[in-house]
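In case you want the letters, here they are:
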Amino acid sequence: MRIALVTEGTYPVRSGGVSTWCDQLLTGLPEYVWTVVGLTATDAERAVLPVPPSVRSVVLHPLWGPQPPAPRRRRKGANLRTAVQEALFLLWDAALAPDG
């Protein structure tokens with residue numbers, strides 16, 4: 001099973017408190033494959049704690065600072081209006097589906 005652990009301002013860029021709990025969780029469940037997503041204040045913060053072998057990747061995402069360029073992916077032959085309409089219809093159906 002793959003699991004994403006999303007943290008904000010704690011593991012793996014800070015030690016103690018919640019970071020200790022996160023480390024115990026990752027170390028205590030080595031049978032799972034982990035991706036750690038750390039929400040940081042800026043892109044200057046770096047991971048300071050070692051991660052267990054079960055962690056496949058650590059992604060640090062700064063909340064403030066320059067925005068990364070938006071991905072430019074489109075299906076061949078589809079225009080933007082059609083793609084947005086299809087996405088909105090899917091979202092609408094998912095939100096209002098009778099089966100929950």
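Counting restarts for each chain: residues are numbered from 1 in the order of the written sequence. Thresholds applied to this predicted model are a pLDDT of at least 70 for local features of residues and 80 or more for the giving and counting of side-chain atom pairs; totals over whole chains, interfaces and linings are not thresholded and use all residues. Calculation of side-chain values draws on the structure's entire complement of heavy atoms; hydrogens and water are dropped beforehand.

## Focus on the sheet that holds strand 2 (residues 33–40)
Applicable threshold: What makes two strands pair is DSSP finding at least two bridges between them. A helix here means a DSSP run of H or I that spans at least four residues, while a strand means a run of E at least two residues long, and both kinds are numbered starting from the N terminus. Here an angle of 0 to 180 degrees is reported between the N-to-C directions of two axes, which are lines fitted to C-alpha atoms, with helices fitted over the stretch in contact. Only heavy atoms enter the contact rule, under which two residues are in contact if any of them lie within 4.5 Å.
Spatially, the three strands line up as an open sheet ordered 1-2-3, and their pairing is parallel. Of all strands in the sheet, those with a lone pairing partner are strand 1 (2–8) and strand 3 (55–62), marking the two edges. Averaged over all adjacent pairs, the angle separating strand axes in this sheet is 15°, with direction ignored. In the packing of helix 1 (residues 18–28) onto the sheet, contacts are made with strand 1, strand 2 and strand 3, and the angle to strand 1 comes to roughly 170°.

## Observations concerning the side chain of Ser-19
Rules: Residue exposure (1.4 Å probe, protein chains only): buried if accessible area is under 20% of the type maximum, exposed if over 50%, otherwise partly exposed. Here a polar contact means two N or O atoms within 3.5 Å. Within protein one must be a hydrogen donor candidate and the other an acceptor candidate, and residues neighboring in sequence count only if both atoms are side-chain atoms.
Tracing the sequence through the fold places Ser-19 in helix 1. For Ser-19, a relative accessible area of 2% corresponds to the buried category. A distance of 3.0 Å separates a polar side-chain atom of Ser-19 from the backbone nitrogen of Tyr-11. A distance of 2.6 Å separates a polar side-chain atom of Ser-19 from the backbone oxygen of Arg-14. Dropping the residues within four chain positions of it, Ser-19 is found in contact with Thr-10, Tyr-11, Arg-14 and Leu-49.

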